[in-house]
Structure formats: structure tokens, C-alpha cells
Amino acid sequence: MTVDESSKQIQQACSYLKNNQVVAIPTETVYGLAADATSDLGVAAIFALKNRPHFNPLIIHVSSIDQAEQIAVFSEKALAVAKTFWPGPLTLVLQRRLESSISLLASAGLETIAIRVPAHPIAQKLLKAYGRPLAAPSANRSTHISSTCVDDVLESFGSNAPFVINGGACRVGIESTILDLSEDSPVLLRPGGISLEDLESVIGKVKKNQESTCVKAPGMMKRHYAPLRPLRMNAVTPEATEAFLGFGPECENAHLNLSPSGCLTEAAAHLFRMMRDLDCDPFSGIAVAPIPLYGLGLAINDRLTRASCLLEIEQ
Ligand code: TXA
Ligand code: MG
């Protein structure tokens, strides 16, 4: 797309947002379904289109740390990670400022608020052009696979698809890491595009959510990111009717390979795209090769575990 076309799409998106309408936007992680975060009507339109439970709060996207500081209270640790990883695939959960103009519906009435500064140049341009924070969950129907390109968004919403700004394929391909810094000790609520190791190199020990006493990210439902067909993890040999999603040089018989060279960053970028591509006839299910549990492998295994969960959840 030319610079001109992209500026036109940004202008068009701003007029939708001003009218409390939803637009789909590219970010470096996955596409988001954005609305004006200060507008209850705009935020309500996101919940309706996504068929998302209202108790599940949204991430607020801003263009800079300065703008984020108007919405939430930053501790020293929060400022340190923000300065290191923003703009980028990290979401911080912080105490919400009482005077903040963010819709209470967006943060589901919680005292905390999730914020991030996305790195995608189009998301940055849009945030600057619009001037107000944008609430944006991933652009997929609740519990289904996130979208990493325009076609995924169009396919997810069919005839209800919103206006989509085209930003190409998402570079990271997996959602942001969510770090809770609203209390003294940092807690990892969702592994994602920034690894636990990288976070710990800046702020020291980070507890994983399972180790803390209560589930803090209401959206971390057991079944999520799910293809229509059953998905099986840590598969060494696929069944005859299964699609085989490989990882690394040993998986020569795989239908698709997340990263033939065994690179976890490349695997994360391909994960959702390949899950969608193998969720088709004549396959009866998807068998996924073992993925190591370090670096971005933590986030990949998290998404695969949720995709493989057979439990039906209440929406
Ligand atoms: O990469 C991303 O984070 C993408 C792009 C579009 O920015 N967004 C995304 O949003 O993944 P969503 O809505 O699919 O996931 C947001 C998660 C949910 O699990 C939600 O429960 C959690 O963030 N969350 C939001 N506000 C929270 C809060 N105050 N405390 C704890 N968790 C929160
Ligand atoms: Mg999501």
C-alpha cells in the first residue's frame, strides 16, 4: 500500500471512531478491534461485535508513556519496563487514575487498567491522528483464533466485518505479554510477545499467574484461540487423518512447519496463520510437534494449551 492510501485509510478510520464505530487496526502482535476508549457507546460496539462477555476488560492503546501516565499510576518498576519495551508487545496492568476519562465499561469496572503502546507504524499514526486512547481487543470472535492479516479479520466477522486498515501481516503474530504491576510484586498474567526472561532482566523475579493466589486476567479462559477441529499438543507421530504442524528440522513429514530452523520468534509469527490453514478438510484434527518452553515458546505453548482444551466454556 502507498503512503497516500494508508493516510486515507487512517483518516477514514478517524471518522468512524468519532462516530462511536469500530474499526479493525493492525498492530505488531495481532489485528485489533478498536473504538474510542473514552466513549461508552464505542466500547459497547466492540463487545457486541465480538460477542465478548462484559466482565472481560479491554486493553487501552495509547501513543506514548506520557499519554499512559494520564490514565494510570506508574511505579518505578512500571516506568522501567515501559521505557525498555514500549512501543512494543507488552501490556501493563496498573492502578487506574480516578480522574481518567476512559470508559468504565472498557475496564469492566475494575480499579486496574491494562495499557499498551503498540509499535506498528500504522497503529502509531492512527493513535497520533485520533489523539485519544483506543480500546482494542484482538479482532476475532470471542474464543476463536486471533487475526494476523486483513483476510483473517474479514473471515472472522463475515458480513459484519468492520472497516479494516491494511497493515500487512503482523510481525510478532502472537498477542502482547500482560504484566500486572498494580501491586508490589510483578505477576505475569499472559505470556506473549515479550519473553519472561527479557522482563526479568529489567525488573527481577516475575511470578507466573498460576503461582499467585487469584486469577487476575478475566479473559484467560481455558478454551480460547481455538480452531474448529480438535488440536493435540506434543505430537511426535500424527494419526493418518490428522494434519501435522511441525517445528524444527526433524519434522520433514509435517504438512506445515512453524519454523524449519527451530526459531521460536518465527514460530510465534506463523502460529495462528498455520492453525487456521490446517483447520480444514480432509483433516480430522491438528497434531502439533513439541515446542520448547523458553523464550516465546512459553506463549506458544499457552495458546496451544487453550486451543486444545476440550472444555466448553460459558461466554
Ligand atoms: O496484543 C494484544 O494484546 C492485542 C492487540 C490488539 O493489542 N490485544 C489483545 O486483547 O490481545 P484481548 O482483549 O484479546 O486480550 C486482553 C486480555 C484479556 O485476557 C483481558 O482479560 C486482560 O487482557 N485484561 C484487560 N484488562 C485487564 C485488567 N485490568 N486486569 C487484568 N487483565 C486485564
Ligand atoms: Mg483475544
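Residues numbered from 1 in each chain as written. Chains lettered and ligands numbered in written order. Predicted model: local features only at pLDDT ≥ 70, side-chain atom pairs only at ≥ 80, totals over all residues. Heavy atoms only, no water.

Trainee: Explanation requested: the overall build of the protein in the structure shown.
Mentor: When its secondary structure is counted, the protein shows nine helices and 15 strands. Here the protein has a C-alpha radius of gyration of 19 Å; the compact-globule value for 315 residues is 20 Å, and the two agree. In terms of overall dimensions, the protein has a C-alpha envelope of 60 × 45 × 40 Å along the principal axes. Taking all 315 residues of the protein together, 58% fall into the buried category. Long-range pairs, those at least 24 residues apart, make up 67% of the contacts in the protein with a sequence separation of at least 6. In the form shown here, the protein has an accessible surface area of approximately 13800 Å², with 53% of it arising from carbon and sulfur atoms. (Helix = DSSP H or I, 4+ residues; strand = E, 2+ residues; numbered from the N terminus. Rg over C-alpha atoms; globule rule 2.2 N^0.38 Å. Buried < 20%, exposed > 50% of the residue type's maximum accessible area, 1.4 Å probe, protein only. Contact = heavy atoms within 4.5 Å. Areas by Shrake-Rupley, 256 points an atom, 1.4 Å probe, with all protein chains shown as cover.)

Trainee: Help me out: how do you make sense of the pairing of strand β10 (residues 187–190) in this one?
Mentor: Look at any regular strand and the pattern is simple: side chains alternate between the two faces of the sheet. By the bridge criterion, three bridges tie strand β9 (residues 177–180) to β10 in an arrangement that is antiparallel. Directly across from Ile178, in β10, lies its bridge partner Arg190. Two strands pair when backbone bridges link them, and β10 and strand β11 (residues 207–208) are joined in this way by two bridges, in the parallel orientation. Note that in β11 the partner of Val187 across the bridge is Lys207. (Pairing = 2+ DSSP bridges.)

Trainee: What is the right way to look at the packing of aromatic side chains in this model?
Mentor: For any pair of aromatic rings, the description consists of the separation of the ring centres together with the inter-plane angle of the planes. According to the stated counting rule, one finds two aromatic pairs in the structure shown. When the centroid spacing of 6.1 Å and the interplanar angle of 75° are considered together, the rings of Phe74 and Trp86 count as edge-to-face. With a gap of twelve residues between them, Phe74 in the loop between β4 (72–73) and α4 (76–85) and Trp86 in the loop between α4 and β5 (90–96) connect regions that are remote in the sequence. Neither residue differs from the other here; Phe74 and Trp86 are each classed as buried. (Phe/Tyr/Trp six-rings, centres within 6.5 Å; stacked < 30°, edge-to-face > 60°.)

Trainee: Quick question: what am I supposed to make of the side chain of Arg190 here?
Mentor: Looking at the element boundaries, Arg190 is found in strand β10. In this structure, Arg190 is buried with no salt-bridge partner, the nearest side chain bearing the opposite charge being Glu175 at 5.1 Å. Here Ser176 takes part through its backbone oxygen, which lies 3.0 Å from a polar atom of the side chain of Arg190. (Lys, Arg positive; Asp, Glu negative; His and termini not counted. Salt bridge = Lys/Arg side-chain N within 4 Å of Asp/Glu carboxyl O. Polar contact = N/O pair within 3.5 Å; in protein donor to acceptor, adjacent residues only side chain to side chain.)

Trainee: Quick question: what am I supposed to make of the state of the cysteines here?
Mentor: Covalently bonding the sulfur atom of one cysteine to the sulfur atom of another cysteine gives a disulfide. Tallying each qualifying case throughout the model produces zero disulfides. With no disulfide partner, Cys149 has as its closest neighbouring cysteine sulfur the one in Cys170, 7.8 Å distant. Residue classification places Cys149 among the buried residues on the basis of a relative accessible area of 18%. For Cys170, a relative accessible area of 7% translates into the label buried. (Disulfide = S-S within 2.5 Å.)

Trainee: When you look at the sheet that holds strand β12 (residues 231–232) in this model, what are you seeing that I'm missing?
Mentor: As a general point, the strands of a sheet are linked pairwise by backbone hydrogen bonds and lie either parallel or antiparallel. Taken together, the four strands give an open sheet; going across it, the order is β12-β15-β13-β14, and neighbouring strands pair in parallel fashion. Of all strands in the sheet, those bounded by a partner on one side alone are β12 and β14 (256–257). Bridge count between strand β13 (residues 242–246) and strand β15 (residues 285–288): four bridges; the pairing is parallel. Residue pairing in the sheet places Leu245 in a bridge with Val288 of β15.

Trainee: Would you mind going over the pattern of salt bridges with me for this structure?
Mentor: Pairing between side chains becomes possible if they bear opposite charge and their charged atoms approach one another. Under the definition given, this model contains twelve salt bridges. A salt bridge links Asp281 to Arg229, with the nearest nitrogen and oxygen atoms 2.8 Å apart. Of the two residues, Asp281 sits in the loop between α8 (264–278) and β15 while Arg229 sits in the loop between β11 and β12, which places them 52 residues apart along the sequence. By relative accessible area, Asp281 is classed as exposed at 62%. What you see here is one network of salt bridges that share partners, running through Asp152, Glu155, Arg273, Arg276 and Asp277.

Trainee: Is there a simple way to explain the side chain of Arg96 in this structure?
Mentor: Mapped onto the elements of the fold, Arg96 is located in strand β5. Buried charged residue Arg96 carries no salt bridge. Nearest counter-charge: Asp40, at 8.0 Å. A distance of 2.5 Å separates a polar atom in the side chain of Arg96 from the backbone oxygen of Ile102. Within the structure, Arg96 has its side chain in polar contact with the side chain of Ser107 (distance 2.7 Å). Aside from chain neighbours lying at most four places away, what touches Arg96 is Ile71, Ala72, Ile102, Ser103, Leu104, Ser107, Leu110, Glu111, Thr112 and Ile113.

Trainee: Help me understand helix α6 (residues 150–157), please; the structure alone is not making it clear to me.
Mentor: Residue pairs three or four apart in sequence face the same way in an α-helix, which turns once every 3.6 residues. For α6, every residue scored as buried is listed here: Val150, Asp152, Val153, Ser156 and Phe157. End-on view of α6: buried residues confined to an arc of 160°, all on one side of the axis. Exposed residues pointing more than 90 degrees away from the buried face of α6 are listed as Asp151 and Glu155. Packed against the buried residues of α6 are β1 (23–25), β2 (32–36), α2 (40–50), β8 (163–164) and α8. Looking one or two residues past α6, Gly158 carries a phi angle of roughly 50°, positive in sign. (Arc of directions from axis to C-beta.)

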